[in-house]
Amino acid sequence: MVSQHLLSQQKGAVGRFMYLLSSLESTAGSDFDKVLNVQGKGRLYFARSKQALLNSSKSSNPKEIASSGFWVTTNNNTAKKQTILTEVLEHLGCDSERAKSIAEHI
């Protein structure tokens, strides 16, 4: 699913986070919309538009996941990105231990 070589070439935690989400989106197909259920307390992490994330938080720094039509907030620290990715993987059917292991690569 993920090329370790390509992952290691991504710039910083945001690049690795975006690369992993893009890889998941391309393999999950229509199930990827489950990411919309991953939210914080009063905060969206994923949306179908940039504006929806900006409405949730002006400092969300939304980025589109490849050209999928899904947007993610990227201004969280690395630990929070790992938590978000773990939740995404679990929503997509990955067991918790494997999800945490994958998320550590951010």
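A few points on the structure.

Quick look at the overall build of the protein chain
Phase 1: Within the protein chain one finds five helices and five strands.
Phase 2: Mapped in sequence order, the helices and strands of the protein chain form the string α-α-β-β-β-α-β-β-α-α.
Phase 3: A compact globule built from 106 residues would reach a C-alpha radius of gyration of about 13 Å, and the protein chain, at 13 Å, matches this within 12%.
Phase 4: Counting only C-alpha atoms, the protein chain reaches 35 × 30 × 25 Å along its principal axes.
Phase 5: Across the 106 residues in the protein chain, those meeting the buried criterion constitute 36%.

What about the packing of aromatic side chains?
Phase 1: This model, assessed by the stated rule, comprises one aromatic pair.
Phase 2: Considering the side-chain rings of F32 and F70, the 5.1 Å spacing of their centres and the 85° angle between planes classify their relative orientation as edge-to-face. One end of the pair, F32, is in the loop between α2 (12–28) and β1 (39–40); the other, F70, is in the loop between β4 (62–64) and β5 (71–73), and 38 residues separate them in sequence.
Phase 3: Looking at F32, the relative accessible area reads 0%, which means it is buried.
Phase 4: What makes F70 buried here is its relative accessible area of 6%.
Phase 5: The ring of F70 is capped by R48, whose NZ or CZ atom sits 3.9 Å from the centre of that ring.

Details of the packing of α2 against helix α4 (residues 78–91)
Phase 1: The N-to-C vectors of α2 and α4 enclose an angle of 5°; their axes lie 11 Å apart at closest approach. Classified by the angle between their axes, α2 and α4 sit roughly parallel to one another. Seen from α2, the contacting residues are A13, V14, F17, L20, L21 and L24; seen from α4, they are T78, K81, I84, L85, V88 and L89.

As for the sheet that holds strand β3 (residues 46–47)
Phase 1: With antiparallel pairing, the three strands of this open sheet are ordered in space as β3-β5-β4. A strand with exactly one partner marks an edge of an open sheet, and here the two such strands are β3 and β4.
Phase 2: Judged from the two bridges that link them, β3 and β5 form a sheet pairing that is antiparallel. Each bridged residue has a counterpart across the sheet, and for F46 the counterpart in β5 is V72.
Phase 3: Against the sheet, α2 engages β3, β4 and β5, with an angle of about 145° to β5.

Cut-offs used in this document
Residues numbered from 1 in each chain as written. Predicted model: local features only at pLDDT ≥ 70, side-chain atom pairs only at ≥ 80, totals over all residues. Heavy atoms only, no water. Helix = DSSP H or I, 4+ residues; strand = E, 2+ residues; numbered from the N terminus. Rg over C-alpha atoms; globule rule 2.2 N^0.38 Å. Buried < 20%, exposed > 50% of the residue type's maximum accessible area, 1.4 Å probe, protein only. Phe/Tyr/Trp six-rings, centres within 6.5 Å; stacked < 30°, edge-to-face > 60°. Lys NZ or Arg CZ within 6 Å of the ring centre and 35° of its normal. Axes fitted to C-alpha atoms, helices over the stretch in contact; angles between N-to-C directions. Parallel < 35°, antiparallel > 145°, perpendicular 65-115°, else oblique. Contact = heavy atoms within 4.5 Å. Pairing = 2+ DSSP bridges.

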